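The lines below spell out each chain.
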Amino acid sequence: MVSIAIFGQSFQPESRIVYQEIFYFFKEQQVNLYIEKNFYQLLQKEVILTDTYPTYDSFENFPNEVDFLLSIGGDGTILRAITFTRGKNIPILGVNIGRLGFLAKIQKNEIRKSLTQVLQKEYTISNRSLLSLETEPTMSGLESLNFALNEITVSRKNTTSMITVATYLNDEYLTSYWADGLIVSTPTGSTGYSLSCGGPVLTPEVSSFVITPIAPHNLNARPLVIPDEMEITLKVSGREQEFLVSLDSRVFTFAKETTLKIKKNSFQVPMIEITPETFLKTLRSKLLWGEDKRN
């Protein structure tokens, strides 16, 4: 019997019918469900669920026997979901009730069709690279969440002044970015924050990372694509004593004498890809490529 973990962060009233269709389908197919505790309580409150289901609320008690995790929300929900699966090699599938949806591939009007394909194993797996972060000195509390699927971003804190980010690749000095911040992106994250700052789009299977400055004052600074086996070292200086580092949606504060070391993570995240919702089709539909009326 198929077992599935369910994760979500919020309830969207306008998508009530989507939640109902998902859980009705799984009940009809006699699928074993494990639901994240807070999301389960929210669905009970909204009377989406009346039956009793086992729950989980951490990486430690996540059900390892599940066939995959279904994330209900947008791309941000998937980024949060990987904190539960981490290196367990459990595939993730996203239902998009958010806005853009590069990672959450199942659309509202294709719930039953797409979930049927998955239960019949009519899908492929796209293994996505992650970044990891180490700091000198070591920051307490970061160790268990020191990874990012999209990007690691360094940015200023409590100031309008720019920061200087001295950047080294495999200990060789590259340059110092005088900017609002710096983004180190994976191929998965290349369609996110990095793209909005002028970075290139990478296909998921590319073995590269992108370094993208945020509003650089040195106007000749441009995004740089590097091999993903390189280690990136960042040293931040500026007028303020602290700066911010975000790993996807998780934000930490560091003293400016902290050195950051970023490299490829030891584990990958397997994402379920359903035909015809390929990466190239998603690019065309989400970025409106080819929508010029002259085409």
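Residues numbered from 1 in each chain as written. Predicted model: local features only at pLDDT ≥ 70, side-chain atom pairs only at ≥ 80, totals over all residues. Heavy atoms only, no water.

### Remarks on the overall build of the chain
(1) Moving on: Tallying secondary structure elements over the chain gives six helices and 19 strands in all.
(2) Moving on: A compact globule built from 295 residues would reach a C-alpha radius of gyration of about 19 Å, and the chain, at 20 Å, matches this within 12%.
(3) Moving on: A total of 295 residues make up the chain; the buried ones form 50% of that total.
(4) Moving on: The long-range share in the chain, meaning contacts at least 24 apart out of those at least 6 apart in sequence, stands at 69%.
(5) Moving on: Surface accessibility of the chain: about 14,100 Å² in total, with carbon and sulfur atoms responsible for 49%.
(6) Moving on: Of the side chains in the chain, 29 bear a positive and 32 a negative charge, and the two mean positions are spaced by 4 Å. (Helix = DSSP H or I, 4+ residues; strand = E, 2+ residues; numbered from the N terminus. Rg over C-alpha atoms; globule rule 2.2 N^0.38 Å. Buried < 20%, exposed > 50% of the residue type's maximum accessible area, 1.4 Å probe, protein only. Contact = heavy atoms within 4.5 Å. Areas by Shrake-Rupley, 256 points an atom, 1.4 Å probe, with all protein chains shown as cover. Lys, Arg positive; Asp, Glu negative; His and termini not counted. Charge placed at Lys NZ, Arg CZ, Asp CG, Glu CD.)

### Here we look at the packing of aromatic side chains
(1) Moving on: One pass over the full model with this rule turns up 10 aromatic pairs.
(2) Moving on: Three or more aromatic residues joined by ring pairs form one cluster here, namely Phe7, Tyr56, Phe62 and Phe84.
(3) Moving on: Across the ring face of phenylalanine 59, the terminal group of lysine 88 is positioned such that the distance to the ring centre comes to 4.3 Å.
(4) Moving on: Here the basic side chain of arginine 250 rests over the ring of phenylalanine 147, its NZ or CZ set 5.0 Å away from the ring centre. (Phe/Tyr/Trp six-rings, centres within 6.5 Å; stacked < 30°, edge-to-face > 60°. Lys NZ or Arg CZ within 6 Å of the ring centre and 35° of its normal.)

### A word on the packing of helix H1 (residues 16-28) against helix H4 (residues 111-119)
Helix-helix packing is described using two parameters, namely the angle between the two axes and the distance between the axes.
(1) Moving on: The N-to-C vectors of H1 and H4 enclose an angle of 35°; their axes lie 10 Å apart at closest approach. Here H1 runs over H4; the crossing is right-handed. Only Ile111, Arg112, Leu115, Thr116 and Leu119 of H4 make contact with H1, whose side of the interface consists of Val18, Glu21, Ile22, Tyr24, Phe25, Phe26 and Glu28.
(2) Moving on: Residues belonging to the contact of H1 with H4 are distributed by class as follows: eight nonpolar, one polar and three charged. (Axes fitted to C-alpha atoms, helices over the stretch in contact; angles between N-to-C directions. Left-handed = near helix turned anticlockwise from the far one by under 90°. Nonpolar A, V, L, I, M, F, W, Y, C, P; charged D, E, K, R; others polar.)

### So, the environment of isoleucine 226
(1) Moving on: Secondary-structure assignment places isoleucine 226 in strand E14 (residues 224-227).
(2) Moving on: Assessed through its relative accessible area of 4%, isoleucine 226 is described here as buried.
(3) Moving on: When the C-alpha atoms of isoleucine 226 and tryptophan 289 are compared, they prove to be 26 Å apart, with 63 residues separating the residues in sequence.
(4) Moving on: Excluding anything up to four places from it in sequence, isoleucine 226 contacts Leu169, Ser207, Ser208, Phe209, Ile211 and Ile232.

### What to know about the nonpolar core
(1) Moving on: In terms of nonpolar packing, the biggest core is built from 30 residues, with Ile6, Phe23, Phe26, Leu70, Ile72 and Leu93 touching the most fellow members.
(2) Moving on: Counting residues per element, the ones that place at least two in this core are strand E1 (3-8), H1, strand E2 (32-36), helix H2 (37-45), strand E4 (68-73), strand E5 (92-96) and H4.
(3) Moving on: Setting aside anything within four residues of it in sequence, one finds isoleucine 6 in contact with Phe23, Phe26, Leu33, Tyr34, Ile35, Glu36, Phe39, Tyr56, Leu70 and Ile72.
(4) Moving on: Ranked by size, the runner-up nonpolar core spans 26 residues in total, among them Leu133, Leu142, Leu169 and Val184. (Core = buried A, V, L, I, M, F, W, Y, C linked by side-chain atoms within 4.5 Å.)

### Structural notes on the pattern of salt bridges
(1) Moving on: Taken as a whole and assessed by the stated rule, the structure comprises nine salt bridges.
(2) Moving on: A salt bridge links lysine 157 to glutamate 242; the nearest nitrogen and oxygen atoms lie 3.0 Å apart. Here lysine 157 is found in the loop between strand E9 (151-156) and strand E10 (163-169), whereas its partner glutamate 242 is found in strand E16 (residues 242-247), with 85 residues between them in sequence.
(3) Moving on: Measuring nitrogen to oxygen at the nearest pair gives 3.9 Å for the salt bridge that ties lysine 261 to glutamate 231. (Salt bridge = Lys/Arg side-chain N within 4 Å of Asp/Glu carboxyl O.)

### Let's talk about unusual backbone geometry
(1) Moving on: Of the consecutive residues glutamate 136 and proline 137, the connecting peptide bond is found in the cis state with omega at 0°.
(2) Moving on: One can find proline 137 in the loop between strand E7 (131-136) and strand E8 (147-148).
(3) Moving on: Non-glycine residue asparagine 170 carries a positive phi angle of around 50°.
(4) Moving on: According to the relative accessible area criterion, asparagine 170 is partly exposed, its value standing at 46%.
(5) Moving on: Positive phi, normally seen in glycine, also occurs at aspartate 171, with a value near 70°.
(6) Moving on: You can see aspartate 171 is positioned in the loop between E10 and strand E11 (172-179).
(7) Moving on: Judged by its relative accessible area of 59%, aspartate 171 falls in the exposed class.

### Quick look at the sheet that holds E7
(1) Moving on: What the six strands build is an open sheet, ordered E8-E7-E18-E15-E10-E11; its pairing is antiparallel. Each end of this open sheet is capped by a strand with a single partner; those strands are E8 and E11.
(2) Moving on: In this structure, E7 lies alongside strand E18 (residues 259-264), joined through six bridges in antiparallel fashion. Across the sheet, serine 132 pairs through a bridge with lysine 263, a residue of E18. (Pairing = 2+ DSSP bridges.)

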